[in-house]
Amino acid sequence: MNAEQAWQATLGQLQMEMSKPAYDTWVRDACLLSCEGENIIVGVKNAYICDWLETRLIDTITRKVTALMERPMLVHFIVNTKDQSSEQENPDTVLTQRVQINPCNHNTLNGRYTFSEFVVAGNNRLAHAAALSVVENPSHSYNPLFIYGDVGLGKTHLLQAIGHAIQEAGRRVLFVTSEEFTNDLICAIMGHSTTEFREKFRTIDVLLVDDIQFIAGKDSTQEEFFHTFNALHDQGKQIVITSDRPPRAIGTLELRLRSRFEWGLIADLQPPDYETRIAILNRKTERMGRLIPDEVIDLIARCIQNNIRELEGALNRLCAYADLIGAVIDQALAKTALSDYITQQQSVNPEHIMGVVANAFGVEMDRLVGRERTQDIALPRQVAMYLLREETHQSLPQIGQTLGGRDHTTVMYACDKVAGLIENDDRVRSRIIAIREQLYARASLPV
């Protein structure tokens, strides 16, 4: 294995061994920066994570990397700060420097989050196009650009891709999470340095703010962000914001901030369809240098529908499991390694899906599977076909049989039509999102 492959495999092994909260907090965002001889340099978001990994996990990680690369290795953690590029020019300095704890430091943009690594499809086409427009004409296309979507759908990836592209054009970019903005404000107040704080955030060309929903209910943070927003907007500077929900759905968000977030364009990210999930997995396997059978890729894509991060995590987990036991990756191995994902998917069965769809549209189940072709039943039936295709392992002929013995070409037409409506019709998209939420909320209830 090369260093990148070994690091990805190590992440997969740690994901299997650690609890999800611990992995997400301390390990998930760690990235390989360089490999110089026997030294592997790993970047993390802040000094707290750096210290935690050095005191709690360094031996375990070193042991895993050494085993995977089949030679003695030394792992070093550093804070991925804005001075990273200059530090990389002098590896000896990187290895000997002790990072000071400073809660006001920010990580640089992740090198993997670029437009070239972003898979474009119907679920994210609007947000992607808007992001490109902002890059081409900052502050004149959409200002602010507000991107929202559920966890793991690519908001941070798209936000940082904008940052990379604008930085390449020579403009000053500041990427910050809302939590970091709050921490910086606290640091400034405690250190009597609010002037420096405002200069930092108001003398840039582009401000990228991730997860803005977390400033809701924080009065002082909202007040400062309101004035920062105004100062940048008045200067013709670009602002891009992400959230897990649209502005109107963020509780306890001040009305004046909400109105400003709605000044520009609001673009949403939806869960990827089956074809997009396949493309994402193929892109990742190519980057990892792994050969994964098509039937295994298909299994992963059908098991995980609503979270790209989980989709990639499942692939990491499978590769790590195969490396640990020295087995060849095939469908049987994948079912063993990903058993919890498969169990979760199987809890959403075809009858359950049809029942939720029928209830959502206010139609009887008999009409849904019957031969009637009136307009009021056509759309619910097509939505049911689309969700059966997306959420279960059923083939097109099986779906046709489930929906009253229809031909597979009818099912294919219905799936394509609903996919088009999701991309172009806000009402249909919102309705299907609500159905999916209801579907999985019920599926997760205890038996």
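Because the structure is predicted, anything quoted here is derived from the model rather than measured.

### Some words on the side chain of N123
Then step 1. Residue position: N123 is located in the loop between α6 (91–96) and α7 (125–136).
Then step 2. A distance of 2.8 Å separates a polar atom in the side chain of N123 from the backbone oxygen of Q270.

### A word on the packing of helix α14 (residues 294–303) against helix α15 (residues 308–325)
Then step 1. At their nearest, the axes of α14 and α15 sit 10 Å apart, and the two run at 135 degrees to each other. Between α14 and α15, the angle falls in the class oblique. Where α14 crosses over α15, the two elements pack in a sense that is right-handed. In this structure, α14 uses V296, I300 and A301 to contact α15, whose residues at the interface are L311, A314, L315 and L318.
Then step 2. Of the residues belonging to the contact of α14 with α15, the class tally is seven nonpolar, no polar and no charged.

### So, the packing of aromatic side chains
Then step 1. Under the definition given, this model contains nine aromatic pairs.
Then step 2. Taken together, F146, F181, F197, F201, F225, F229, F261 and W263 form an aromatic cluster joined through their ring pairs.
Then step 3. Positioned above the aromatic ring of F226 is the side chain of R256, whose terminal nitrogen or guanidinium carbon lies 4.0 Å from the ring centre.
Then step 4. The lysine or arginine in question, R389, covers the ring of Y274, its NZ or CZ lying 5.4 Å from the ring centre.

### A word on empty space enclosed by the protein
Then step 1. Considering all chains together, one arrives at one cavity of 30 Å³ or more under this definition.
Then step 2. Estimates place the volume of the largest cavity at around 30 Å³.

### Focus on the sheet that holds strand β6 (residues 206–210)
Then step 1. Reading across the sheet, the five strands line up as β5-β6-β7-β4-β8 and stay open at both edges, with parallel pairing between neighbours. Edge positions in the open sheet fall to β5 (173–177) and β8 (265–269), since each of these has one partner strand only. Direction aside, neighbouring strands of the sheet carry axes that sit 15 degrees apart on average.
Then step 2. As paired elements, strand β4 (residues 145–149) and strand β7 (residues 238–243) share four bridges and run parallel to each other.

### What about the pattern of salt bridges?
Close approach of charged atoms lets side chains of opposite charge pair.
Then step 1. Taken as a whole and assessed by the stated rule, the structure comprises 17 salt bridges.
Then step 2. Residue E117 is joined to R287 by a salt bridge in which the shortest nitrogen-to-oxygen separation is 3.6 Å. Highlighted residues: E117 in the loop between α6 and α7 and R287 in helix α13 (residues 274–288), separated in sequence by 170 residues.
Then step 3. Under the relative-accessibility criterion, E117 is labelled partly exposed at 28%.
Then step 4. Residue classification places R287 among the partly exposed positions, given a relative accessible area of 31%.

Cut-offs and rules
Residues numbered from 1 in each chain as written. Predicted model: local features only at pLDDT ≥ 70, side-chain atom pairs only at ≥ 80, totals over all residues. Heavy atoms only, no water. Helix = DSSP H or I, 4+ residues; strand = E, 2+ residues; numbered from the N terminus. Polar contact = N/O pair within 3.5 Å; in protein donor to acceptor, adjacent residues only side chain to side chain. Axes fitted to C-alpha atoms, helices over the stretch in contact; angles between N-to-C directions. Parallel < 35°, antiparallel > 145°, perpendicular 65-115°, else oblique. Left-handed = near helix turned anticlockwise from the far one by under 90°. Contact = heavy atoms within 4.5 Å. Nonpolar A, V, L, I, M, F, W, Y, C, P; charged D, E, K, R; others polar. Phe/Tyr/Trp six-rings, centres within 6.5 Å; stacked < 30°, edge-to-face > 60°. Lys NZ or Arg CZ within 6 Å of the ring centre and 35° of its normal. 1 Å grid on protein atoms, 1.4 Å probe; cavity = no way out; pocket = protein on both sides within 12 Å on 5 of 7 lines; lining within 4 Å. Points joined across faces, edges and corners; volume = space filled by probe spheres on them. Pairing = 2+ DSSP bridges. Salt bridge = Lys/Arg side-chain N within 4 Å of Asp/Glu carboxyl O. Buried < 20%, exposed > 50% of the residue type's maximum accessible area, 1.4 Å probe, protein only.

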